[in-house]
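One letter stands for each residue in the lines below.
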Amino acid sequence: MSELRCIACGLRISNPGHRFRCSACADLLEIVYPGWVTSDGMRAASFTAPTLKALWRTRRKSFVPIDQSGVWRFRELLPAFPEEEKIITLREGNTPLYSLPSCARAVGVQHLLAKHQGMNPTGSFKDTGMTVAASMARREGFRWVGCASTGNTSASMAAYAARASMRSLVLIPQGKVSWGKLSQALDYGAITFELKTDFDGCSRVLNEVVERMPVYLLNSVNPYRIEGQKTAAIELLEQLDWQPPDHVIVPGGNLGNSSALGKAFLELEELKFIARLPQVSIVQAEGANPLVRTMRETGGKSLISVQAETAASAIRIGSPASWKKAVRVLEQTGGTAAEVSEVEIAWAKAEIGADGVGCEPASAVTLAGLRKMVAAGFVKPGESVVLILTGHLLKDPDFTLKFHRGELFASSPHSKPAEILRAHQQAPILLEASGDAVISALERIEERSEA
Ligand code: F0G
């Protein structure tokens, strides 16, 4: 059985309501599993690593929807959900682990892999948490679910709500959500309000709405989202035959995902699935770096909020809700918090694309951050590294097109450093509709690449 506990004062909460805050101190809640250990301090027989590894492997052959889900397949490490027919699943998870050979050469490491969470049903990692939290909302009989979002949460929430005929309320910052993500929320039937504020403002407004109306909160302060998102780490280790990498690098926005992955690694170590922890590091954009500043200026003791600005719109967040959980992950796994510039993000995104993988800008901060960690000696060339790519390349085609057309940094303060990007730009070329035109253009390109 699982229990809800306040991360600050430790109070056990029996009824979290639909806002997920501690009734005593208003801090965030987390889920703990006292049942994993028996009264004499031993691990319960059903929670031994060999038993669970074998069970999870068997489920891969099953045709039952919750066994096919890359989240619910690991349900022993999630809160119990006995009413299986109420689970909303789009067969999330089951995402590929790719090698990134040319990125590895470019940043100077030998073993570089990418866990591509953008290969989830709605194109981002959010689906792994949403299947759990939206199912909870359904089980509790909510008609409305809601979130503030930079785009991916809203796309995911709207899809899962639609599957269960729940209504969804989306609050997004006006003009700051990519069209790809917004169009998903619309197609899945969300009521979408664009507010004249940023993500942090949308979160404030949503909290007020949730106080006053029976809307089930599906932002990552919802601890069931965190539990679902843990499964990316479990699945990653299964793909590595339970040999942990030296480093896992994840983008940081509202800091739910880094908290979730770190929690999973700690739990798997406690349950003896792994003998040592990977170092979990978090990367932010320089213009949206509250965690980096919090670590640098207060040693992780109090949050430094910032006015966030970055073209990686998914992580344009200045006051992250889960900062305390993320600090704990950095401390417990020995990871670091890094920041990268706008040009470095664009460069890294093109490099990941050139390995035939691709991702959205917010995901590319991981490679950009790795480059800095190698330069600083924090990551050694022989160590193994896994980047968590959080969103699909097609989430933000506007960014990609502007990049290749050389428009991303035109007449911006970044235009000078952006010159290094030229070699990666592949703008479409307009030609006359004839074989001759295509062949002579190709010949010119071949000549240039041979020169
Ligand atoms: N990468 C992508 C693609 C995201 O969409 C987000 C967050 C993050 C990284 C950061 O993850 O917030 O858990 O630290 N997107 C949220 C949203 C905020 O509303 O879609 P985090």
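Residues numbered from 1 in each chain as written. Predicted model: local features only at pLDDT ≥ 70, side-chain atom pairs only at ≥ 80, totals over all residues. Heavy atoms only, no water.

A.B. asks: Can you tell me about the sheet that holds strand E3 (residues 29-32), naming the residues and giving the values?
C.D. replies: Spatially, 3 strands are ordered E2-E1-E3 in an open sheet, and the strand pairing comes out antiparallel. The sheet terminates laterally at strand E2 (12-13) and E3, the two strands that pair on one side only. The sheet contact formed by strand E1 (residues 3-6) and E3 spans 4 bridges and is antiparallel. The residue of E3 that forms the bridge with Arg5 is Glu30. (Pairing = 2+ DSSP bridges. Helix = DSSP H or I, 4+ residues; strand = E, 2+ residues; numbered from the N terminus.)

A.B. asks: Explain a negative patch on the surface to me, using residue names and the numbers behind them.
C.D. replies: The grouping of Glu443, Glu446, Glu447 and Glu450 at the surface amounts to a negative patch. If you trace the backbone, Glu446 turns up in helix H15 (residues 435-450). (Patch = residues over 30% accessible without salt bridge, like charges linked within 9 Å, V, L, I, M, F, W, Y side chains within 5 Å. Areas by Shrake-Rupley, 256 points an atom, 1.4 Å probe, with all protein chains shown as cover. Salt bridge = Lys/Arg side-chain N within 4 Å of Asp/Glu carboxyl O. Lys, Arg positive; Asp, Glu negative; His and termini not counted. Charge placed at Lys NZ, Arg CZ, Asp CG, Glu CD.)

A.B. asks: So what's going on with the pairing of strand E6 (residues 144-148)? Which residues, and what values?
C.D. replies: Along E6, 4 of the 5 residues are buried, which leaves the element largely enclosed by surrounding structure. Two elements, E6 and strand E7 (residues 167-173), share 5 bridges in a ladder whose sense is parallel. Of the residues in E7, the one forming a bridge with Ala148 is Leu171. In this fold, E6 hands off to helix H5 (residues 152-163), which returns the chain to E7; that crossover is right-handed. Inspection of the sheet shows E6 paired to strand E9 (residues 215-217) by 3 bridges, in the parallel sense. Bridge pairing links Trp144 to Val215 in E9. (Buried < 20%, exposed > 50% of the residue type's maximum accessible area, 1.4 Å probe, protein only. Right-handed = clockwise from strand over helix to strand, strands pointing away.)

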